[in-house]
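Here is how the chains run, residue by residue.
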Amino acid sequence: MFNSLSDRLTATFKNLRGKGRLSPADVDATVREIRVALLDADVALPVVRTFTGRVRERATGAEVSGALNPAQQVIKIVNEELITILGGETRRLRFAKRPPTVLMLVGLQGSGKTTLAGKLAFWLKEQGHRPLLVAADLQRPNAVDQLSVVAQRVGVGVHAPEPGNGVGDPVVVARSGVQLARDANYDIVIVDTAGRLAIDEELMGQARNIRDAVDPDEVLLVIDAMIGQDAVNTAVAFNEGVGFDGVVLTKLDGDARGGAALSVREVTGRPIMFASTGEKPEDFEPFHPDRMASRILDMGDILTLIEQAERTFDADQAEAMASKFASGEDFTLEDFLEQMQAVRKMGNLGKLMGMLPGMGEARKQLENLDEREIDRVAAIIQSMTPQERRNSAILNGSRRARVARGAGVHVSEVNGLLERFTQAQKMMRQMGAGMPGMPGMPGGKKARGRSAPARKGKKGRSGNPAKRAQQEAAALSQKPAAAAGSGLTMGQDAGTTGVPGRDPLATPGLPPEIPEELRRMLGKP
C-alpha cells in the first residue's frame with residue numbers, strides 16, 4: 001500500500017547522507033521532495049501543507065543545526081510527524097461497563113463492512129470475548145447470507161431473523177440482536193448496517209435510527225483505503241451526518257497509494273483503530289501509528305513481527321527446543337522442518353520479510369518469493385526415514401536418490417536442501433556457544449572446530465636428568481615462600497612439601513592429604 005511513498009522518502013533521505021551540515025537549500029529541497037511524495041500518494045492537500053510546514057519549521061531550527069548527524073535528525077523529525085498525523089497513540093476499543101458492548105459498523109457499499117465484521121468478531125474471539133454478529137444490512141442482495149457464511153467460517157454467533165433483499169426493518173433487527181445478546185450472555189454485539197454506492201440522506205437517516213435504537217458504545221466507519229482522496233469526503237460526510245468514534249481501513253494489502261490513512265485522521269480528528277491487511281480472517285490487526293510510520297520509512301515493524309510469532313509458535317515446543325540446545329543436542333532435520341512449518345503459519349513470507357528494517361530495496365525479490373518451496377522442502381524431509389532425519393550424515397548417494405524419488409524432485413534439490421541445513425546447523429551451534437552450559441562457555445562442552453593455540457609459557461622440563469635437577473633447583477630458589485596458614489599452602493610450607501615424588505617426607509604412591517577447607521568445598525568427609 002505505501003510502497004511508492006516509502007520508496008520516494010527513502011530516496012530523498014539518501015541525498016542527505018554524508019552531509020555534516022544542512023544548508024537552507026538542502027532543507028528546501030528535502031521538504032519539496034516530501035511534498036511531492038505525499039501528493040503522489042494521494043494525501044489530501046491540506047494535510048500535505050500542514051505536514052510539510054511542521055517538518056520545515058523543525059528542520060530549520062536548532063534541533064537540526066546542533067545535531068551531530070543532521071540527516072538522521074531530519075529522518076527522526078519526519079518519523080515523529082508521521083506518527084502525529086497518523087494519530088499519535090494506539091486507540092483501543094472502549095468496552096461497556098455492563099455487557100454487551102455494542103459496535104456499529106457504517107460505511108459505503110463495497111468498502112468491505114460485512115467481511116470486516118467477521119474479521120473483527122474473529123479477533124475479539126481470540127481475545128477471549130463471545131461476539132454476536134447482527135445482520136442489519138437488509139438492502140444489498142444476499143448480504144444476510146454472506147454474513148451468515150462469514151460467521152460460520154470464524155465460529156461466532158449470528159442473528160439474522162430477516163431474509164434481507166429489501167425485506168424487513170433494520171432498526172427492529174438491530175434492537176432484537178442486542179436483546180438476544182443480553183439473554184444468551186454474548187458480551188460483544190457487532191451490527192452490520194447497509195451502505196450505498198454514494199452518500200445520500202436515506203443512508204444517513206437509517207444509520208441514525210439504528211444508532212438511536214441500540215445506543216452503540218463505538219461507531220466505526222469502514223473506509224476502503226484504495227479510494228484515495230475521496231476517503232476524506234466520505235469521512236467528513238459520515239462525521240456530520242451520523243458521527244463516528246473511529247476508522248477501520250480495509251484493503252491495506254492492495255497496490256493503491258494509501259493516502260487515505262494519512263488524511264482521514266488529520267481531517268476528521270477521529271483515530272484509525274483497525275486495519276485489514278488481507279483476505280483471511282486473521283489478516284486483521286489494531287492500527288499502531290508508530291509502527292505504520294516505521295513501515296513507511298522502511299524502518300521495519302519488529303513489534304508486530306514478534307506478536308505474530310508469539311501467536312503462532314507453541315510455547316511448549318519452543319521451551320523443548322531451548323532445553324534441547326541447552327543439553328548440547330544437535331539441530332536435526334526434524335527440528336528444521338518444525339521451524340519452517342511454524343514460520344509458514346505466521347502468514348505470507350513476503351509480508352514477514354517486509355517487516356524487517358531495510359527490506360524495501362529487496363521488495364521485488366520478496367514479491368517473487370515462491371512459498372511453495374517450503375512444501376517441496378517438507379516433502380523431501382518427510383521422504384526420509386526417522387534415522388536419516390536425526391542424522392543427516394548417513395545420507396549417501398543411494399539414500400539421496402531414494403529420497404528424491406519419494407519426494408518427486410531431482411537429486412540436486414535434495415543436495416541443495418542438505419547444504420542449507422548444514423549451514424543452519426552450524427548457525428545453531430554458534431548460537432549454542434553463547435548460552436550458559438553450552439559449547440564455548442565455562443562448564444559447557446568444548447566447541448567444535450580448531451582449538452586456540454597454546455600460549456608460550458615457561459620452558460618445559462629437560463629430558464636430561466642432570467639438567468632437569470638443575471631446573472628444579474633454580475625454580476625452588478626463585479619461588480617466594482607463602483605465609484604460613486595462607487590459602488596457598490593451607491598451613492604448610494611453600495614449595496613441594498607433601499607432594500609425592502618431590503617431597504622426601506611424603507608417602508610414595510599416595511596422593512597428598514586434602515586440606516580441611518578443600519574437603520568442605522568438595523563435600524568430602
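It should be noted that the structure appears before, not after, this text.
Residues numbered from 1 in each chain as written. Predicted model: local features only at pLDDT ≥ 70, side-chain atom pairs only at ≥ 80, totals over all residues. Heavy atoms only, no water.

## Some points on the sheet that holds strand S6 (residues 246–250)
Put simply, the rule is: One bridge is not enough; two strands pair if DSSP finds at least two bridges between them. A run of H or I in DSSP counts as a helix once it spans at least four residues, and a run of E counts as a strand once it spans at least two, with each numbered from the N terminus. Axis angles are defined between N-to-C directions and span 0 to 180 degrees, where every axis is a line fitted to C-alpha atoms and, for a helix, only to the segment in contact. Every residue pair with non-hydrogen atoms within 4.5 Å of one another is taken to be in contact.
Strand order in the open sheet made by the eight strands is S3-S2-S4-S1-S5-S6-S7-S8, with mixed pairing throughout. Where the open sheet ends on each side, the last strands, each with one partner, are strand S3 (157–159) and strand S8 (284–286). Strand-to-strand, the axes of this sheet are offset by a mean angle of 25°, without reference to chain direction. Sheet topology places strand S5 (residues 218–224) next to S6; five bridges connect them, and they run parallel. Within the sheet, the bridge partner assigned to Leu220 lies in S6 and is Gly246. The strands touched by helix H9 (residues 201–214) are strand S1 (101–106) and strand S4 (188–193); relative to S1, the strand with the most contacts, the crossing angle is about 180°.

## Examining the environment of Ser6
Among the structural elements, Ser6 can be located in helix H1 (residues 3–14). As a C-alpha pair, Ser6 and Ala37 span 31 residues in sequence and 8.7 Å in three-dimensional space.

## Some thoughts on the pairing of S6
For clarity, the cut-off: Using a 1.4 Å probe on the protein chains alone, a residue whose accessible area is under 20% of its type maximum counts as buried, one over 50% counts as exposed, and one in between counts as partly exposed. Consider the strands pointing away from the viewer: the crossover is right-handed when the path from the first strand over the helix to the second runs clockwise.
Burial analysis of S6 places five of its five residues in the buried class, which makes it a mostly covered element. Going residue by residue along S6, you find Gly246, Val248 and Thr250 tucked away on one face and Val247 and Leu249 tucked away on the opposite face as well. Read as a crossover between parallel neighbours, the route from S5 over helix H10 (residues 230–241) to S6 is right-handed.

## A few points about helix H7 (residues 143–154)
The following threshold applies: By this rule the span expected of a helix is its residue count minus one, scaled by 1.5 Å. What the arc covers is the set of directions going from the helix axis to the C-beta atoms.
In a regular helix each residue adds 1.5 Å, so twelve residues correspond to 16 Å; H7 covers 17 Å between its end C-alpha atoms and thus fits that length. Taken together, the buried positions of H7 are Ala143, Val144, Leu147, Val150, Ala151 and Val154. Summarising the axial view, the buried residues of H7 lie within an arc of 125°, below the 170-degree limit, and thus occupy one face. Structural note: H7 exposes Val149, Gln152 and Arg153 on the side pointing more than 90 degrees away from its buried face. Here the buried face of H7 lies against helix H6 (113–126), strand S2 (131–136), S3 and S4.

## Some thoughts on the pattern of salt bridges
Any two side chains of opposite charge can pair if their charged atoms end up close together. Just so we agree on the cut-off: A pair is scored as a salt bridge if a Lys or Arg side-chain nitrogen falls within 4 Å of a carboxyl oxygen belonging to Asp or Glu.
Using the criterion set out here, one finds 15 salt bridges in the structure. The closest approach of N and O atoms between Lys251 and Asp224, which form a salt bridge, is 3.2 Å. Of this pair, Lys251 sits in the loop between S6 and helix H11 (259–268) while Asp224 sits in strand S5, placing them 27 residues apart in sequence. On the basis of relative accessibility, which here comes to 30%, the residue Lys251 falls in the partly exposed class. Residue classification places Asp224 among the buried residues on the basis of a relative accessible area of 11%. In this structure, the salt-bridge partner of Glu388 is Arg402, at a minimum N-O distance of 2.7 Å. Residue Glu388 is located in helix H19 (residues 386–390), and its partner Arg402 is located in helix H20 (residues 397–407); the two are separated by 14 residues in the primary sequence.

## Focus on the pairing of strand S7 (residues 272–276)
Extensive coverage of S7 is indicated by the burial of five of its five residues. Relative to S7, S6 runs parallel, the two being bridged by three bridges. By the bridge assignment, Leu249 is partnered in S7 with Ala275. Both S7 and S8 contribute to a ladder of three bridges, which runs antiparallel. By the bridge assignment for S8, Ser276 is matched with Phe284.

## Some points on the side chain of Thr52
Cut-off, in case you're wondering: Here a polar contact means two N or O atoms within 3.5 Å. Within protein one must be a hydrogen donor candidate and the other an acceptor candidate, and residues neighboring in sequence count only if both atoms are side-chain atoms.
For Thr52, the position within the fold is in helix H3 (residues 45–59). Separated by 2.8 Å, the side chain of Thr52 and the backbone oxygen of Val48 make a polar contact. Beyond its immediate chain neighbours, meaning those up to four positions away, Thr52 contacts Val31, Ile34 and Arg35.

## Observations concerning the packing of H3 against helix H5 (residues 70–85)
Selection rule: We call a crossing left-handed when the near helix sits turned anticlockwise from the far one by less than a right angle, and right-handed when that turn is clockwise. Only Asp, Glu, Lys and Arg are considered charged, only Ala, Val, Leu, Ile, Met, Phe, Trp, Tyr, Cys and Pro nonpolar, and every remaining residue, Gly among them, polar.
Close contact between H3 and H5 brings their axes to 10 Å; oriented N to C, the two are set at 145°. The chirality of how H3 crosses H5 is right-handed. Residue-level contacts link Val47, Phe51, Arg54, Val55, Arg58 and Ala59 of H3 to Ile77, Val78, Glu80, Glu81, Leu82, Thr84 and Ile85 of H5. Across the contact of H3 with H5, the residue classes tally to eight nonpolar, one polar and four charged.

## Topic: the environment of Asp330
With respect to the helices, strands and loops of the structure, Asp330 is situated in the loop between helix H14 (315–326) and helix H15 (333–345). A relative accessible area of 27% places Asp330 in the partly exposed class. Once the C-alpha coordinates of Asp330 and Arg390 are considered, the two residues, 60 residues apart in sequence, prove to be 8.9 Å apart.

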